[in-house]
Amino acid sequence: MKNFDYQTPTRLVFGKGVVNEKLASVMNQYGKRVLVTYGGGSIKRKVAGHAKSLYDEVMDILAGKEVFELPGIQPNPKFNPSVLEGVHLCQEHHIDVILSVGGGSVLDCTKAIAGVAGTLEGKVYDHVEEAWDLVRGLRPTTAAVPIVDIITMAATGSEYDMGGVISRTETNDKLAYFSPLVFPAVSFIDPTYTFSVPVKHTLAGVADCINHIMESYFCAEHIDMNDAFMEGAVRSLAKNVKRVLANPEDYDARAEIFYATTLGCNGIYCLGNSPSGWPMHAMEHALSAYYDITHGEGLAILTPRWMRHILTHASGELHEQVVERIEKFGKNVFGAEGCEASILAIHDFYREIGIPMTLREVGIDESRLGEMARHVAELEGLDQAWVPLYEQDILDIFKACL
Ligand code: NZQ
Ligand code: ZN
């Protein structure tokens, strides 16, 4: 078992009604000037079981504060304009705390805003490249504006981790931004807000979390307790997503999914395991950078093809490890016997719940696969992954996904 050094400073406030019960007292711990960040408008629609939209609930709770707004943060959030605009608002209005209301994209964007605004001296529009260097980790984050969030999508686990993923359209980059200073101070997780999440994003969120777990499960050194956590979480996700498909307002099913996704990207499922290099995420980030596709769909498409590729290409002791991992995962999650059946089981599960399972179905053809494979090979360090991947491997996996 590997050594570990673990700390998550985020307070999780989970359950039905928690925003109305506790958001006011949490926000009163900070100053008066609040920046509220949100996406394309889902928070302005009324959700079953709530008298008002989440936006109206929040604005009522913030009455008496000086409230500024950054709307329009897109899925796969963009450095330009959203991060830059948010930093500008923080600088101009001396923001005390940012309240992120929305999915993982809104929260990821908020984290980058908080870190850049806290660290950068001087006006952001005069220092765009310095701000970008900070996001991609070439400059350290030395301070951050505090973050509180209400997370409305069960998917990324951004509410319980210190990372965010930011796209820069001009360069086709989609990069992870990390700093312990951008852990949210408090995350509100009320599963009733996810009643309105469209089927497409409900499924993509489940696939994202399953993949976070698989990226942690498929590694060289692992312990039985972590295997049990992770297999149990995927079984729960697979069961509860079907309950949600049958009834989108099934509170307990939505809640169990949210519990799994909140823990999914924080590392807590795999303390003591060796790192894997997160190869599927590295490849997916190129797909969503070049084509703006939904992250969880890209991951679902890649998963069985990556599994088959490593099974075919790993040799010697590494091959034995790959066989052991695939067989154990398939058996304990899906009751499958053997590697081939395990790979098919995850493919068929995704197909059955309704996720598109080829790149063509999400609008990607062969024309830019080579360029994307080169981008991933040059930037993502997958030659250091548990099963190393080079440009040709990445290209072969992309082609198998067509
Ligand atoms: O923009 P609005 O109108 O809010 O609509 C959103 C968006 O269109 C909608 N939505 C969110 N909550 C809703 C809702 N619609 C109805 N009811 C609700 N309650 O759903 C759409 C997708 O939202 P988005 O925030 O993009 O989804 P998600 O939470 O899956 O975030 C995806 C982003 O997170 C990154 C991904 O790469 C992608 O950019 N990731 C972040 C990670 C992290 N911070 O740790 C790890 C992940 O691996 C991932 O890479
Ligand atoms: Zn993910």
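This text follows the structure it describes.
The shown structure was predicted, so the numbers you read here are calculated from the model rather than taken from an experiment. (Residues numbered from 1 in each chain as written. Chains lettered and ligands numbered in written order. Predicted model: local features only at pLDDT ≥ 70, side-chain atom pairs only at ≥ 80, totals over all residues. Heavy atoms only, no water.)

Asker: Whenever I open this one, the overall build of the protein chain confuses me. Can you help?
Answerer: Counting its regular elements, the protein chain contains 14 helices and eight strands. Taking 21 Å as the expected radius of gyration for a compact globule of 402 residues, we find that the protein chain reaches 21 Å, a close match to that expectation. Here the C-alpha coordinates of the protein chain stretch approximately 65 × 45 × 45 Å along the principal axes. Buried positions account for 58% of the 402 residues belonging to the protein chain. Long-range contacts, defined here as pairs at least 24 residues apart, represent 78% of the contacts in the protein chain between residues at least 6 apart. Accessible surface, the protein chain as shown: approximately 16,000 Å² in total, 51% of it carbon and sulfur. With 34 positive and 53 negative side-chain charges, the protein chain shows a separation of 5 Å between the mean positions of the two kinds. (Helix = DSSP H or I, 4+ residues; strand = E, 2+ residues; numbered from the N terminus. Rg over C-alpha atoms; globule rule 2.2 N^0.38 Å. Buried < 20%, exposed > 50% of the residue type's maximum accessible area, 1.4 Å probe, protein only. Contact = heavy atoms within 4.5 Å. Areas by Shrake-Rupley, 256 points an atom, 1.4 Å probe, with all protein chains shown as cover. Lys, Arg positive; Asp, Glu negative; His and termini not counted. Charge placed at Lys NZ, Arg CZ, Asp CG, Glu CD.)

Asker: Help me out: how do you make sense of the site of ligand 1 in this one?
Answerer: Around ligand 1, a shell composed of 32 residues is seen, among which Ser42, Gly104, Ser105, Asp161 and His212 lie nearest. Between ligand 1 and Asn76, the relevant distance is 3.2 Å, taken from an oxygen atom to a side-chain nitrogen or oxygen of the residue. Between Gly104 and ligand 1, the recorded distance is 2.7 Å, taken from a backbone N or O atom to an oxygen atom. Considering ligand 1 on its own, with 970 Å² of exposed area, one finds that the protein chains cover 89% of that surface. Split into classes, the residues belonging to the shell around ligand 1 amount to nine nonpolar, 19 polar and four charged. (Near = heavy atom within 4 Å. Polar contact = N/O pair within 3.5 Å; in protein donor to acceptor, adjacent residues only side chain to side chain. Nonpolar A, V, L, I, M, F, W, Y, C, P; charged D, E, K, R; others polar.)

Asker: In this structure, what is going on with the pattern of salt bridges? I would like to understand it.
Answerer: Any two side chains of opposite charge can pair, so long as their charged atoms come close to each other. Applying the stated criterion across every chain, the model contains 20 salt bridges. Its salt-bridge partner being Lys52, residue Asp60 comes within 2.2 Å of it at the nearest N-O pair. (Salt bridge = Lys/Arg side-chain N within 4 Å of Asp/Glu carboxyl O.)

Asker: Explanation requested: the coordination of the zinc ion (ligand 2) in the structure shown.
Answerer: Metal coordination angles in their ideal form are 109.5 degrees for the four-donor tetrahedron and 90 or 180 degrees for the six-donor octahedron. Looking at the metal site, the zinc ion (ligand 2) is ligated by Asp208 (OD), His212 (NE2), His281 (NE2) and His295 (NE2), spaced 1.9 to 2.2 Å from it. Between consecutive donor residues of the zinc ion (ligand 2), the sequence gaps follow D-x3-H-x68-H-x13-H. Taken together, the positions of His212 in helix H6 (residues 199-217) and His281 in helix H9 (residues 279-291) put the pair 69 residues apart, joining distant regions of the chain. Residue His212 shares its accessibility class with His281, and that shared class is buried. (Donors = N, O, S within 2.8 Å, 3.2 Å for Na, K, Ca; no water.)

Asker: Just checking my understanding: could you explain a nonpolar patch on the surface for this structure?
Answerer: Nonpolar side chains collect at one region of the surface, where Met1, Phe4 and Tyr6 lie side by side and expose about 340 Å² of accessible area between them. Tracing the chain through its elements places Phe4 in the segment before strand E1 (11-14). (Patch = residues over 30% accessible without salt bridge, like charges linked within 9 Å, V, L, I, M, F, W, Y side chains within 5 Å.)

Asker: Explain unusual backbone geometry here, please?
Answerer: What is expected of a backbone is that most residues other than glycine have negative phi and most peptide bonds are trans. Look at the link from Asn80 to Pro81: it is a cis peptide, with omega at 20°. Residues other than glycine seldom take positive phi values, yet Asn172 does so here, at roughly 55°. Structurally, Asn172 can be placed in the loop between strand E6 (163-168) and strand E7 (173-178). Phi is positive for Asp292, close to 55°, though the residue is something other than glycine. Relative to the elements of secondary structure, Asp292 occurs in the loop between H9 and helix H10 (295-313). On the basis of relative accessibility, which here comes to 44%, the residue Asp292 falls in the partly exposed class.

Asker: How should I be thinking about helix H13 (residues 369-379) in this particular structure?
Answerer: Because each turn of an α-helix spans 3.6 residues, side chains separated by three or four positions in sequence point in the same direction. Within H13, the full set of buried residues consists of Leu369, Met372, Ala373, His375 and Val376. Along the long axis of H13, the arc covered by the buried residues comes to 160°, so they all point the same way. In this structure, the buried residues of H13 make contact with E7, H9 and helix H14 (391-401). Following H13 by one or two positions, Gly381 adopts a phi angle in the positive range, close to 65°. (Arc of directions from axis to C-beta.)

Asker: Explain the environment of Tyr350 here, please?
Answerer: Mapped onto the secondary structure, Tyr350 falls in helix H12 (residues 339-353). Residue class for Tyr350 comes out buried when judged on its relative accessible area of 1%. Expressed as a C-alpha distance, the spacing of Tyr350 and Ile113, which sit 237 residues apart in the sequence, is 35 Å.

Asker: Is there a simple way to explain the sheet that holds strand E5 (residues 147-151) in this structure?
Answerer: Across a sheet, strands are paired by hydrogen bonds formed along the backbone, either parallel or antiparallel in direction. Strand order in the open sheet formed by six strands is E1-E8-E5-E4-E2-E3, and the pairing between neighbours is parallel. Only two strands of the sheet have a single partner each, and these edge strands are E1 and strand E3 (66-70). Adjacent strand axes in the sheet meet at a mean angle of 20°, parallel and antiparallel pairs treated alike. Of the strand pairs in this sheet, E5 and strand E8 (residues 186-189) are connected by three bridges, and their pairing is parallel. Within the sheet, the bridge partner assigned to Ile150 lies in E8 and is Phe188. Sheet contacts for helix H4 (residues 104-119): strand E2 (33-37), E3, strand E4 (97-102) and E5; angle to E4, the most-contacted strand, approximately 165°. Packing of helix H8 (residues 251-263) onto the sheet brings it into contact with E1, E5 and E8, and relative to E1 it is tilted by some 170°. (Pairing = 2+ DSSP bridges. Axes fitted to C-alpha atoms, helices over the stretch in contact; angles between N-to-C directions.)

Asker: Could you clarify how one ought to interpret the nonpolar core in this entry?
Answerer: Nonpolar side chains in soluble globular proteins tend to end up buried together. Ile210, Phe218, Met283, Trp306, Tyr350 and Phe398 are the most contacted members of the largest nonpolar core, which has 105 residues in total. Discounting chain neighbours no more than four positions away, the residues touching Phe218 are Ser276, Trp306, Met307, Arg325, Ile326, Phe329 and Trp386. (Core = buried A, V, L, I, M, F, W, Y, C linked by side-chain atoms within 4.5 Å.)

Asker: Sorry, what's going on with the environment of Leu62 here?
Answerer: By the element assignment, Leu62 lies in the loop between helix H2 (54-61) and E3. The exposure class of Leu62 is buried, given its relative accessible area of 1%. Taking the C-alpha atoms as reference points, Leu62 and Lys32, 30 residues apart in sequence, are found 9.3 Å from one another. Dropping the residues within four chain positions of it, Leu62 is found in contact with Met27, Val34, Val36, Val67 and Leu99.

Asker: What is the right way to look at the packing of H9 against H13 in this model?
Answerer: When two helices pack together, their arrangement is given by the angle between the helix axes and the distance between those axes. Their axes nearest at 9 Å, the elements H9 and H13 cross at an angle of 130°. Viewed along their axes, H9 and H13 adopt a mutual orientation that is oblique. H9 and H13 meet at a crossing whose hand is right-handed. Between H9 and H13, the contacting residues are Ala282, Met283, Ala286, Leu287, Tyr290 and Tyr291 on the first element and Glu371, Met372, His375 and Val376 on the second. Per-class residue counts for the contact of H9 with H13 are eight nonpolar, one polar and one charged. (Parallel < 35°, antiparallel > 145°, perpendicular 65-115°, else oblique. Left-handed = near helix turned anticlockwise from the far one by under 90°.)

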